[in-house]
Amino acid sequence: MADLKTPKKRAVLADISNLQGLKTSPKPPGIIFNERNNREMRDSVFYDAFRDDKYPVDSILQNEIYEDMEESENNNRVDLIILKNRKGINMNNRYALVDWLIEQSGLYNFSSDILHRSVYYVDIFLTKKDVLLQEFQTLGASALFLACKFESSSFPTASFISKEITWYAVSAKEILNMEKNILRTLDYNLRYPTSCSFIDLFRSVHTFPLKVYYLSHYLSEIALLDECICAKFLPSEIGAACCMQANILGGNKPIWPTGLKKLTNLDFKDVLKVMKPLMRKFVIINKSRNKEVFFKYSADKYGCVAQLLCPDIEFP
């Protein structure tokens, strides 16, 4: 790490070709927020709130949970039209920021929920307020800080994120000020179900093989990179599409079990609109210039699912 006395330049998230200036941290020795990190932040690949083999969630409760999540996603949608027409931030800038957030989530073992929630806070904020390009990384770092607070009882400090994640490109004071701005802009409404939340709920209804489970999360994070997928479609639709697509790629049957059809009222044909663009992203992600999600899911702890070859699939 550079000498702390050396003056630092703010990292600007510009076009993909100029990402060399983005401050990123090397592979960390481990999470060092404090000694009381809970296990989902330190040890687990995913924190599955719905999964308990000994005491499974009651089917009536599963339906009520799904209905509540469905209501929440409909009431707090990101407006894609406003998001695409925002001032100062283009699609490449957003792609770069999300790619950076995926990289940090892999390095520091943040849960998938934290990552998804961070991206949602960024997107919903952009639909309500204009952000200068120079402030974009500050928004991303603050969204990550806020998502950690929401999802975990033990979370990194603003100083930690400033030092270890942005390498002082964003100060702790800037992170805290932007956090206040996000909270006030969102009217303190931070509750929003993510596609990975739906994936975990679906897994509590029907047990997926671990490879399929990792694949579904890999696909859901690929979807985060494209605003025309993650903002256009509902998280429940994306979660269902990821599960179906993961079952296809993993050679697992049934592709969409009867219990999940009954729970969601979704069928294969209902989510084709999501699966088609998602499959196109899956095929080319390893050829992209910024492919942190591919590197992340090529690791052994995720079963190297990113290395799977894509079968020839023809959608009707």
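Analysis parameters
- Residues numbered from 1 in each chain as written.
- Predicted model: local features only at pLDDT ≥ 70, side-chain atom pairs only at ≥ 80, totals over all residues.
- Heavy atoms only, no water.
- UniProt positions renumbered as here; feature names shortened; annotations may be inferred.
- Helix = DSSP H or I, 4+ residues; strand = E, 2+ residues; numbered from the N terminus.
- Buried < 20%, exposed > 50% of the residue type's maximum accessible area, 1.4 Å probe, protein only.
- Salt bridge = Lys/Arg side-chain N within 4 Å of Asp/Glu carboxyl O.
- 1 Å grid on protein atoms, 1.4 Å probe; cavity = no way out; pocket = protein on both sides within 12 Å on 5 of 7 lines; lining within 4 Å.
- Points joined across faces, edges and corners; volume = space filled by probe spheres on them.
- Axes fitted to C-alpha atoms, helices over the stretch in contact; angles between N-to-C directions.
- Parallel < 35°, antiparallel > 145°, perpendicular 65-115°, else oblique.
- Left-handed = near helix turned anticlockwise from the far one by under 90°.
- Contact = heavy atoms within 4.5 Å.
- Nonpolar A, V, L, I, M, F, W, Y, C, P; charged D, E, K, R; others polar.
- pLDDT = per-residue confidence, 0-100.

For the chain, the name recorded in an unreviewed UniProt entry is G2/mitotic-specific cyclin-B3, with Nephila pilipes as its organism. Recorded in UniProt under Sequence similarities (unreviewed entry), the annotation for the chain is "Belongs to the cyclin family."

**Student:** Where do I start with the environment of proline 257 in this structure?
**Tutor:** Within the secondary structure, proline 257 sits in the loop between α12 (235–249) and α13 (258–264). Classification of proline 257 as buried rests on a relative accessible area of 4%. Sequence spacing of proline 257 and threonine 207 is 50 residues, and the spatial spacing of their C-alpha atoms is 9.9 Å.

**Student:** Hey, could you run me through the pattern of salt bridges in this one?
**Tutor:** Two side chains that carry opposite charge are able to pair once their charged atoms sit near each other. Here the structure, examined in full by the defined rule, presents nine salt bridges. In this structure, aspartate 68 and arginine 191 form a salt bridge, with 2.1 Å as the shortest nitrogen-oxygen distance. Linking aspartate 68 in helix α2 (residues 59–75) with arginine 191 in the loop between α8 (172–185) and α9 (195–205), this pair joins segments that are 123 residues apart in sequence. A relative accessible area of 35% means that aspartate 68 is categorised as partly exposed. Its relative accessible area of 40% is what places arginine 191 among the partly exposed residues. Residues glutamate 179 and lysine 149 are paired through a salt bridge, measuring 2.8 Å at the closest nitrogen-oxygen approach.

**Student:** Explain empty space enclosed by the protein to me, please; I cannot follow it from the model alone.
**Tutor:** Over the atoms, a rolled probe matching the size of one water molecule traces out where space is still vacant. This model, assessed by the stated rule, comprises two cavities of 30 Å³ or more. The calculated volume of the largest cavity comes to roughly 230 Å³. Around the largest cavity sit 19 residues that line it, and Tyr120, Tyr192, Leu224, Cys230 and Pro235 are the ones nearest its centre. Those elements giving two or more residues to the lining of the largest cavity turn out to be α5 (112–126), α10 (210–225) and α12.

**Student:** So what exactly am I meant to see when it comes to the packing of helix α7 (residues 158–165) against α8 here?
**Tutor:** Helix packing for two helices is described by the angle between their axes and how far apart those axes are. Between α7 and α8, the least distance of the axes is 8 Å, while the angle of their chain directions is 125°. By the angle between their axes, α7 is oblique relative to α8. For the element pair α7 and α8, the recorded crossing hand is right-handed. On α8, the residues touching Ala158, Ser159, Ile161 and Ser162 of α7 are Ala172, Ile175 and Leu176. Within the contact of α7 with α8, the residues separate by chemical class into five nonpolar, two polar and no charged.

**Student:** Explain the confidence of the model for the chain here, please?
**Tutor:** Do not read the fine detail of predicted coordinates wherever pLDDT is low. In this model, the chain carries a mean pLDDT of 82, and residues with pLDDT of at least 70 account for 79%. When mean pLDDT is taken per element in the chain, α8 scores highest with 96 and helix α1 (residues 39–42) scores lowest with 36. Note that residues 1–21 has pLDDT below 50 and, in this model, 46 contacts with residues that lie over four places away or in other chains. Here residues 23–49 is modelled with pLDDT under 50, and outside its nearest four sequence neighbours on either side it reaches 71 contacts, counting other chains as well.

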